[in-house]
Amino acid sequence: SYLHLGTFLGNPFDLALGGQGQWLFVLDSLEGTIATVDVFGGITQIMRPELPSSMAFNTPAAITVVGASLLVLDAGADQVIEFDHYGRPIGVYAADDLGNPRAIAADACGRFYVADDQGLYLGFADMSLPGRRVEVPEIAANYVTDLWTDGDFLFVATRGDGIHTL
């Protein structure tokens, strides 16, 4: 049986498609949860990261899928938290490297990109590899509002002058 969508989502804020298109993950910024929605539109799972934990959301801002994991951008803690598809925490990334993060995207190679006040941060969904800042002159003077990938390119939406393809 399915759960009623409106009953469990106080403020759906961001979406990510996973499981080869079988699952839609809905980040609820008000409730601090992630709902798993199947291809028929039914909620099959509500994930609530346990508190207290350094891997629980403070202010969830965005979600993306990388491999078999979910990456949640926590704007309140300035970090990226990795979860498995059942909501169990795996790790924390970029905890000391982000400042006011706004957007996240990930590609099929396990790289993730975060836009924050300092520009663009490139991380890897592999605890053994460090992340780093990336200089991108085309977006340096713009406020980045969203990021997404199509497998080949990184698309950057800016408030100043539209969408850039990198």
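Notes on the structure in this doc start here. (Residues numbered from 1 in each chain as written. Predicted model: local features only at pLDDT ≥ 70, side-chain atom pairs only at ≥ 80, totals over all residues. Heavy atoms only, no water.)

**Some thoughts on the side chain of H164**
And then number 1: Mapped onto the elements of the fold, H164 is located in strand β15 (residues 162-165).
And then number 2: Looking at H164, its side chain comes within polar contact range of the side chain of D161, at 2.6 Å.
And then number 3: With residues up to four places along the chain from it excluded, the contact list for H164 reads E138, I139, N142, L154, F155, V156 and T158. (Helix = DSSP H or I, 4+ residues; strand = E, 2+ residues; numbered from the N terminus. Polar contact = N/O pair within 3.5 Å; in protein donor to acceptor, adjacent residues only side chain to side chain. Contact = heavy atoms within 4.5 Å.)

**A short note on the layout of surface pockets**
And then number 1: Each pocket or cavity is described by its volume, and for the largest pocket that value is around 430 Å³.
And then number 2: In terms of lining, the largest pocket is formed by 25 residues, of which the most central are T64, I104, A105, L147 and W148.
And then number 3: Among the secondary structure elements, those contributing two or more residues to the lining of the largest pocket are β1 (12-18), β5 (60-66), β9 (103-106) and β13 (144-149).
And then number 4: By residue number, the principal contributor to the lining of the largest pocket is β5, which donates six residues.
And then number 5: Within this model, the second largest pocket holds a volume of roughly 200 Å³.
And then number 6: If you trace the second largest pocket, you find 15 residues lining it, with Q118, G119, L120, I139 and A140 closest to the centre.
And then number 7: For the lining of the second largest pocket, the elements supplying multiple residues, two or more each, are β11 (119-124) and β12 (132-134).
And then number 8: Each residue belonging to the lining of the second largest pocket can be placed in one class, and the counts come to seven nonpolar, three polar and five charged. (1 Å grid on protein atoms, 1.4 Å probe; cavity = no way out; pocket = protein on both sides within 12 Å on 5 of 7 lines; lining within 4 Å. Points joined across faces, edges and corners; volume = space filled by probe spheres on them. Nonpolar A, V, L, I, M, F, W, Y, C, P; charged D, E, K, R; others polar.)

**Quick word on unusual backbone geometry**
And then number 1: Here the phi dihedral of D78 falls at roughly 50°; this positive angle occurs in a residue that is not glycine.
And then number 2: Its location among the elements puts D78 in the loop between β6 (69-74) and β7 (79-84).
And then number 3: Its relative accessible area of 22% is what places D78 among the partly exposed residues.
And then number 4: Unlike most non-glycine residues, A94 shows phi in positive territory, near 60°.
And then number 5: Its place among the elements puts A94 in the loop between β8 (89-93) and β9. (Buried < 20%, exposed > 50% of the residue type's maximum accessible area, 1.4 Å probe, protein only.)

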